[in-house]
Amino acid sequence: MSSWRSLLLRIGDKCPDYGTSSDFKEHIETCFGVIRRELEHSSDDILPFLLQCAEQLPHKIPLYGTLVGLLNLENEDFVKQMVETTHANFQDALDFGNCDMIRILMRFLTVMMCSKVLQPSSLVVVFETLLSSASTTLDEEKGNPSWQARGDFYVSCILSCLPWGGSELVEQVPEEIECVMVGIEAYLSIRRHNSDTGLSFFEDDDESGSVVEKDFLEDLWGRIQVLSSNGWKVDSVPRPHLSFEAQLVAGKSHEFGPINAPEQPEPLSEVSGVLYGKQKHNAELKYPQRIRRLNIFPASKTEDMQPIDRFIVEEYLLDVLLFLNGCRKECASFMVGLPVPFRYDYLMAETIFSQLLLLPLPPFKPIYYTLVIMDLCKALPGAFPGVVAGAVRALFEKIADLDMECQTRLILWFSHHLSNFQFIWPWEEWAFVLDLPKWAPQRVFVQEVLEREVRLSYWDKVKQSIENAPALEELLPPKGSPNFIYSIEDGRERTEQHALSAELNNKVKGRQTAREIISWVEESVFPNHGWDVVLKVVVHTLLDIGSKSFTHLITVLERYGQVFARICPDHDKQVMLIAEVGSYWKNNAQMTAVAIDRMMGYRLISNLAIVRWVFSPANVEQFHTSDRPWEVLRNAIGKTYNRISDLRNEISSLKKSVVSAEAAAAKAKAELDAAESKLSLVDGEPLKRLKANAEKAKEEEVSVHESLEAKEALLARALDENEALFLSLYKNFSNVLMERLPDPSRARTLRELKSIQADEMTVDLDESSVMEVDNESRRPNKSQSNGGKDSNIYNVGEKEQWCLSTLGYVKAFARQYASEIWAHIEKLDADVLTENVHPLFKKAVYSGLSRPINDVSSG
């Protein structure tokens with residue numbers, strides 16, 4: 001890397017490029033000196049690289065802005081070109097809805113204004129353009145209020161620029177910026193409060209009663225108001241331009257040309273809750289809220305900082321996570337070295353966990369956050385491991401109220417995290433969970449973490465890791481060996497079925513084909529023993545042959561999958577096939593999930609059969625105590641969704657190929673026609689070649705068209721199957737919940753559902769003897785939601801906990817696959833979400849879809 005590139009990239013960092021200095025002013029002077037010399041012969045390389053640094057290391061934008069200001073004193077044309085390039089990039093970002101680029105380039109414009117590169121009035125025009133677009137969006141006649149997410153995003157971008165340049169704007173263009181602030185206030189007064197209950201980390205947040213918490217935009221407005229009243233003083237934003245103010249004031253301020261906000265979305269054609277909901281969902285997908293704060297730690301533990309400083313540090317951390325997602329070491333290094341004069345370890349942990357647990361999906365795969373947390377623990381060994389442990393303990397205390405999807409992610413992260421630190425954890429702190437009922441969420445959490453640890457290591461190693469709390473061995477999964485019913489090792493009596501299994505085993509070892517085995521089954525086994533025996537013998541024997549490893553399993557399914565397909569051609573038989581797979585791997589949840597997933601991948605079993613199996617009585621009884629059935633269901637729905645996504649991507653690619661093929665065919669035809677008109681009397685060699693080219697181009701065009709039609713037919717069929725899948729899923733959910741949920745008059749909210757057992761206990765106490773009351777009163781009266789170290793009470797009954805867990809998964813699936821479900825919402829409303837379903841079930845679905853709760857009553 002040439003020196004000027006390294007200096008630009010490393011400006012503000014403690015690194016060899018800048019010697020021992022960590023002073024921003026010295027860094028800027030050093031970098032400016034080198035860049036100024038290089039401009040003569042490398043300006044075409046410097047401009048895009050400098051812009052790229054500002055865009056992808058946005059926590060250093062004040063440094064880059066000051067550098068551009070100094071360059072403006074030396075080379076106005078270069079900086080003018082930079083402003084024009086920034087304008088073009090900004091317009092592109094607006095046109096394509098690139099939220100991160102819009103937000104960061106607005107910050108860069110603000111900082112360039114502070115460095116006298118941009119005229120303040122130009123920046124105000126940008127603000128006014130976006131504010132006008134946002135206000136128009138809320139107008140029912142000119143805009144489309146269902147797209148409020150876009151307006152909110154534009155306004156949040158304006159507000160988030162002010163910590164970087166509010167002071168200068170108020171000083172230089174006070175009236176204009178005051179008009180912008182009045183306009184924002186007017187916008188806030190007409191927009192809808194964004195409740196986002198379906199995206200809350202904790203279930204209790206959905207029912208916070210009369211206290212309406214501020215949404216993200218209202219909260220940011222409040223922080224900016226405090227900042228304004230404090231004279232725009234902010235500790236967390238470096239202001240290096242002030243050190244060069246005497247020089248920068250001599251620079252020429254450039255105009256930033258007008259920008260065009262995107263066209264307003266089409267107004268709603270009719271007043272329809274469904275249509276509004278679909279468009280609102282699409283708007284929120286395109287303009288998502290960047291963060292939802294997860295307040296893990298009590299105020300006494302977290303760092304004491306101004307409200308705006310918390311917002312700015314969150315922005316820094318999120319930007320680093322976004323732009324350095326492919327460089328985990330660099331990511332951790334930048335996260336611990338932000339340009340702020342205070343500690344922020346607790347806020348850093350809360351921000352990372354808020355992204356890991358962000359609903360409906362985290363911005364990146366959870367493994368990324370696992371690696372970042374691991375690297376931060378190594379980068380700050382004296383501080384961060386303790387903060388992470390504190391976060392885990394705090395979340396464990398609240399686990400009963402944590403969203404089900406968040407619980408699953410937390411289990412997967414924590415088990416993986418411990419596997420990178422020798423599985424060390426003070427398990428004795430959590431040994432009390434053994435005194436809780438088997439359905440208590442804290443007990444289930446410990447059980448599932450240990451099960452996942454076994455997958456990442458081996459049983460004896462995990463047992464050794466809990467030696468400080470040996471009683472927890474009770475929660476370890478079984479050792480994982482197969483349940484092969486035709487084994488003869490344990491002295492079982494040999495039966496005819498044992499002989500059939502041995503015969504099938506020999507045929508596989510003898511490399512007989514699937515067709516030969518099917519013939520043997522149909523001619524020798526089925527007529528004499530019946531289908532049930534055929535199923536058990538084939539499933540147990542073939543799975544046993546494939547039990548040594550994943551590779552063995554896949555080999556068996558590839559070679560003999562058609563045997564399964566032949567004996568289980570319909571949904572009823574496939575459900576029984578899955579049950580036998582579950583029976584064979586009953587001691588190993590991971591292999592159960594893998595085998596079923598692979599069988600679906602080879603189309604030996606359908607997703608509908610998997611749904612039916614998951615909702616079979618034996619699995620339904622585990623809904624609140626085990627992740628086993630849910631893992632299988634998540635895999636099945638995920639695989640279905642991925643198939644549709646792949647088809648959509650292939651169709652998109654083929655449509656581009658069709659355009660190219662049509663253009664190529666038209667060009668070849670035009671060349672042939674032109675040649676024929678010139679050589680009409682001569683059938684020479686060139687004409688033959690042109691004819692061949694035209695025919696080949698036409699054939700390719702036809703071939704691409706046929707491929708596109710075939711893929712579109714496959715997609716149409718897949719979408720029909722998807723509709724059937726979600727209808728089946730939610731019908732099953734509705735049926736099992738209707739059997740167990742209490743009467744709506746007793747449980748209108750989740751809070752009331754939780755309190756049923758506690759209320760019954762209170763009634764029992766009132767009717768019991770005084771001595772019993774005295775005994776009960778000595779028990780620690782901990783919250784009913786969690787057990788807690790000092791208490792072995794969990795006051796939610798098993799039936800109620802089953803309902804709470806199942807409703808949590810109802811919401812989680814609706815939320816994760818909202819785009820697919822909205823496409824079939826009319827059918828779902830008509831067939832499932834009718835007036836007869838339980839209000840809590842309907843509320844869970846609506847909440848997952850972010851559908852207005854007031855639609856629950858109207859259905």
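The model shown is predicted, which means the values in this text are computed figures rather than measured ones.

Enquirer: Explain the overall build of the protein chain to me, using residue names and the numbers behind them.
Expert: Along the backbone of the protein chain there are 36 helices and zero strands. If you line up the protein chain on its principal axes, its C-alpha atoms span 110 × 100 × 60 Å. Long-range contacts, defined here as pairs at least 24 residues apart, represent 76% of the contacts in the protein chain between residues at least 6 apart.

Enquirer: Describe unusual backbone geometry, and please don't skip the residues or the numbers.
Expert: Omega for the peptide link from leucine 359 to proline 360 comes to 5 degrees, which places this bond in the cis form. Position of proline 360 relative to the elements: it lies in the loop between helix 14 (345-356) and helix 15 (366-379). Its identity is not glycine, yet lysine 116 carries a phi of approximately 65 degrees, on the positive side. Note on placement: lysine 116 falls in the loop between helix 5 (99-114) and helix 6 (120-137). We classify lysine 116 as buried; its relative accessible area is 19%. Of note, glutamine 422 is a non-glycine position whose phi angle comes to about 55 degrees, a positive value. Along the chain, glutamine 422 falls in the loop between helix 17 (404-419) and helix 18 (441-456).

Enquirer: Now, about the nonpolar core: what can you tell me, with residues and values included?
Expert: Ranked by internal contacts, the top residues of the largest apolar core, which has 266 residues, are Phe353, Trp427, Tyr730 and Phe841. Considering each element in turn, this core owes the most residues, 13 residues, to helix 2 (residues 24-56). Of all hydrophobic cores here, the second largest spans ten residues; its members include Ile644, Leu647, Ala661 and Val704.

Enquirer: Could you give me a rundown of the pattern of salt bridges, with the residues and numbers involved?
Expert: It is possible for side chains bearing opposite charge to pair when their charged atoms get close. Scanning the entire structure with this criterion turns up 56 salt bridges. For glutamate 315, the salt bridge identified is with arginine 103, shortest N-O distance 3.4 Å. Of the two residues, glutamate 315 is situated in helix 12 (residues 307-323) and arginine 103 in helix 5; the sequence distance between them amounts to 212 residues. Comparing glutamate 315 with arginine 103, the two get one shared label, buried. Between glutamate 739 and arginine 740 there is a salt bridge; the shortest N-O distance is 3.1 Å. You can call arginine 740 buried: its relative accessible area is 17%. Salt bridges sharing partners connect three or more residues here, namely Asp100, Arg103, Arg107, Arg290, Glu315 and Asp319.

Enquirer: Help me get a handle on helix 13 (residues 328-336), residues and values and all.
Expert: Since there are 3.6 residues in each turn of an α-helix, residues three or four apart along the chain are aligned in direction. Buried within helix 13 are the following residues: Cys331, Ala332, Phe334 and Met335. All buried residues of helix 13 fall inside an arc of 165 degrees around its axis, so they share one side.

Enquirer: Quick rundown of the packing of helix 7 (residues 148-172) against helix 12? Include the residues and the values.
Expert: It is the contact of helix 7 with helix 12, at a shortest axis distance of 11 Å, that shows an interaxial angle of 105 degrees. Judged on the interaxial angle alone, helix 12 and helix 7 are roughly perpendicular. Each of Ser160, Pro163 and Trp164 in helix 7 lies in contact with helix 12, whose residues at this interface are Ile308, Phe311, Ile312 and Tyr316. Taken together, the residues that form the contact of helix 7 with helix 12 break down as six nonpolar, one polar and no charged.

Enquirer: Now, about the side chain of arginine 191: what can you tell me, with residues and values included?
Expert: Tracing the chain through its elements places arginine 191 in the loop between helix 8 (174-190) and helix 9 (216-229). Side chain to side chain, arginine 191 and aspartate 215 meet in a polar contact 2.9 Å long. With near-sequence residues (within four places) excluded, arginine 191 lies in contact with Leu138, Gln148, Asp152, Asp215, Leu217 and Glu218.

Enquirer: Would you mind going over the state of the cysteines in detail, with residue names and values included?
Expert: A full pass over the atoms with the stated rule returns zero disulfides. Free of any disulfide, cysteine 31 has its nearest neighbouring cysteine sulfur in cysteine 53, separated by 8.7 Å. Judged by relative accessible area, cysteine 31 falls into the buried class, the value being 0%. No disulfide involves cysteine 377; its sulfur sits 13 Å from that of cysteine 331, the nearest cysteine.

Enquirer: Lay out the packing of aromatic side chains with the relevant residues and their values.
Expert: For the coordinates displayed, the defined rule picks out 35 aromatic pairs. With centroids separated by 6.3 Å and ring planes inclined at 20 degrees, the aromatic side chains of phenylalanine 414 and phenylalanine 445 adopt a geometry described as stacked. Taken together, the residues span a long stretch of sequence, with phenylalanine 414 in helix 17 and phenylalanine 445 in helix 18 at a distance of 31 residues. Each member of the pair, phenylalanine 414 as well as phenylalanine 445, is classed as buried. Ring plane angle 65 degrees and centroid distance 5.6 Å describe the contact between tyrosine 641 and tyrosine 817, whose orientation is recorded as edge-to-face.

Enquirer: Lay out helix 5 with the relevant residues and their values.
Expert: For helix 5, which comprises 16 residues, the first-to-last C-alpha distance of 23 Å matches the rise-based estimate of 22 Å (1.5 Å per residue) to within 8%. One or two positions beyond helix 5, positive phi appears at lysine 116, with a value near 65 degrees.

Enquirer: Give a description of the confidence of the model for the protein chain that names residues and reports values.
Expert: Overall, the prediction assigns the protein chain a mean pLDDT of 90, with 92% of residues at 70 or greater. Per-residue pLDDT stays below 50 along residues 763-785; that stretch engages in 22 contacts with residues further than four places along the chain or on separate chains.

Enquirer: Lay out the environment of phenylalanine 127 with the relevant residues and their values.
Expert: Tracing the backbone shows phenylalanine 127 in helix 6. Taking relative accessible area as the criterion, phenylalanine 127 reaches 0% and is therefore assigned buried. Note: C-alpha distance between phenylalanine 127 and cysteine 15 (112 residues apart in sequence) is 37 Å.

Enquirer: Give me the packing of helix 15 against helix 16 (residues 384-397): which residues, what numbers.
Expert: For the pair helix 15 and helix 16, interaxial distance at closest approach is 7 Å and the crossing angle is 135 degrees. Comparing their axes, helix 16 and helix 15 come out oblique. In this structure, helix 15 uses Ile373, Leu376 and Cys377 to contact helix 16, whose residues at the interface are Phe384, Pro385 and Val388. Taken together, the residues of the contact of helix 15 with helix 16 sort by class into six nonpolar, no polar and no charged.

Procedures and definitions
Residues numbered from 1 in each chain as written. Predicted model: local features only at pLDDT ≥ 70, side-chain atom pairs only at ≥ 80, totals over all residues. Heavy atoms only, no water. Helix = DSSP H or I, 4+ residues; strand = E, 2+ residues; numbered from the N terminus. Contact = heavy atoms within 4.5 Å. Buried < 20%, exposed > 50% of the residue type's maximum accessible area, 1.4 Å probe, protein only. Core = buried A, V, L, I, M, F, W, Y, C linked by side-chain atoms within 4.5 Å. Salt bridge = Lys/Arg side-chain N within 4 Å of Asp/Glu carboxyl O. Arc of directions from axis to C-beta. Axes fitted to C-alpha atoms, helices over the stretch in contact; angles between N-to-C directions. Parallel < 35°, antiparallel > 145°, perpendicular 65-115°, else oblique. Nonpolar A, V, L, I, M, F, W, Y, C, P; charged D, E, K, R; others polar. Polar contact = N/O pair within 3.5 Å; in protein donor to acceptor, adjacent residues only side chain to side chain. Disulfide = S-S within 2.5 Å. Phe/Tyr/Trp six-rings, centres within 6.5 Å; stacked < 30°, edge-to-face > 60°. Expected span 1.5 Å × (residues − 1). pLDDT = per-residue confidence, 0-100.

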